[in-house]
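Each chain is listed here by its residues.
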Amino acid sequence: MARLILVTGFAPFGGEHTNPSWEVAERLDGTEITDTTVKALRLPVNCGRAARLVSEAIEGLRPRAVLGLGQAGGRPALSVEKVAINVADGRASREVDGGVQGKPVVRGGPDAYFSRLPVAEILRTLKKRGIPVGLSLSAGVYVCNSVMYAALHTLRRRRDVPAGFIHLPYEAAQAVRHRAAASMSAEVMANGIEFALEVIARRL
Ligand code: PCA
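Model, not experiment: these values are computed from the prediction. (Residues numbered from 1 in each chain as written. Predicted model: local features only at pLDDT ≥ 70, side-chain atom pairs only at ≥ 80, totals over all residues. Heavy atoms only, no water.)

Would you take a moment to explain the overall build of the protein chain for this structure?
Of regular secondary structure, the protein chain possesses 6 helices and 11 strands. Taking 2.2 N^0.38 as the reference for a compact globule, 204 residues should give roughly 17 Å; the C-alpha atoms of the protein chain span a radius of gyration of 15 Å, in line with that estimate. Overall size of the protein chain, expressed as C-alpha extent along the three principal axes, is 40 × 40 × 25 Å. In the protein chain, which comprises 204 residues, the proportion classed as buried is 53%. Distance from the positive charge centre (27 side chains) to the negative charge centre (19 side chains) of the protein chain: 6 Å. (Helix = DSSP H or I, 4+ residues; strand = E, 2+ residues; numbered from the N terminus. Rg over C-alpha atoms; globule rule 2.2 N^0.38 Å. Buried < 20%, exposed > 50% of the residue type's maximum accessible area, 1.4 Å probe, protein only. Lys, Arg positive; Asp, Glu negative; His and termini not counted. Charge placed at Lys NZ, Arg CZ, Asp CG, Glu CD.)

So what exactly am I meant to see when it comes to the environment of Thr37 here?
Turning to its location among the elements, Thr37 is positioned in strand β3 (residues 36-43). Here Thr37 falls in the buried class, since its relative accessible area comes to 15%. When near neighbours in sequence (up to four residues on either side) are disregarded, Thr37 contacts Ala2, Arg3, Leu4, Ile5, Gly30, Thr31 and Glu32. A distance of 3.1 Å separates polar atoms of two side chains, one belonging to Thr37 and the other to Glu32. (Contact = heavy atoms within 4.5 Å. Polar contact = N/O pair within 3.5 Å; in protein donor to acceptor, adjacent residues only side chain to side chain.)

Would you mind showing me how to read the sheet that holds strand β1 (residues 4-10) here?
Across a sheet, paired strands are connected by hydrogen bonds in the backbone, their directions being either parallel or antiparallel. Reading across the sheet, the 7 strands line up as β2-β3-β1-β4-β9-β5-β8 and stay open at both edges, with mixed pairing between neighbours. This sheet does not close on itself; its edge strands, each paired only once, are β2 (32-33) and β8 (133-136). In the sheet, strand β4 (residues 65-71) pairs with strand β9 (residues 163-168) via 6 bridges, with the strands oriented parallel. Along β9, the bridge assignment pairs Gly68 with Phe165. Lying on the sheet, helix α4 (residues 143-154) is in contact with β1, β3, β4, β5 (78-81) and β9; it crosses β9 at an angle near 165 degrees. (Pairing = 2+ DSSP bridges. Axes fitted to C-alpha atoms, helices over the stretch in contact; angles between N-to-C directions.)

What exactly am I supposed to notice about the environment of Gly102 here?
Topologically, Gly102 is positioned in the loop between β6 (83-85) and β7 (112-114). Judged by its relative accessible area of 29%, Gly102 is partly exposed. Residues Gly102 and Ala88, 14 residues apart in the sequence, show an inter-C-alpha distance of 5.0 Å. Apart from residues no more than four positions distant in its own chain, Gly102 is found in contact with Val87, Ala88 and Asp89.

So what exactly am I meant to see when it comes to the packing of helix α1 (residues 20-28) against helix α6 (residues 186-202) here?
The angle between the axes and the distance between the axes are what describe a pair of packed helices. For the pair α1 and α6, the least separation of the axes is 9 Å and the interaxial angle reads 60 degrees. Relative to α6, the element α1 is oriented oblique. Considering how the two elements wind past one another, α1 and α6 form a crossing that is right-handed. Every residue of α6 that contacts α1 at Pro20, Val24, Arg27 and Leu28 is listed here: Ala186, Glu187, Met189, Ala190, Ile193, Glu194 and Leu197. (Parallel < 35°, antiparallel > 145°, perpendicular 65-115°, else oblique. Left-handed = near helix turned anticlockwise from the far one by under 90°.)

Encoded structure:
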């Protein structure tokens, strides 16, 4: 059976017509990266449903690695997430509260999981190749955090399967509607994610 890397992206939300995470995942769908094939999965912007779907995909497809992608509008660079917490708040507008009104992603689950991607190597490689990238210590408390947490929880006994999450800035055309917030072209983001997948695949 082909070795798969599962790459998830999201539907548009918050009045947007596109979501860069799906633009990038869709571009990479079916490509071969170091003897692995990218399988893209589009997730709904709903904490419970997205978490369930990513877990089901991991159980059903048995990927060798999992990389979640999501939009973090306003961030200036790709951000490699270090940690997912067991808090889900189903309303993006309440991110500012830090999820104090949130529920657990998994009832009884551990407080947090660290990314199991080679974070430092991804950061080094992307910087070397001229892709703006940084480390993030919070994936938030909205759907992206839920997906990262759910993937790591599903794989908690399969430590040989690297899994984690990278947030993407607005795509250039979206930023026009946000007072020219920081943005990047889908092409540069896709290149960056391809480099990250190469780093991940090389270690499998
Ligand atoms: N970004 C949101 C949810 C979907 C997405 O693309 C987040 O950061 O949680």
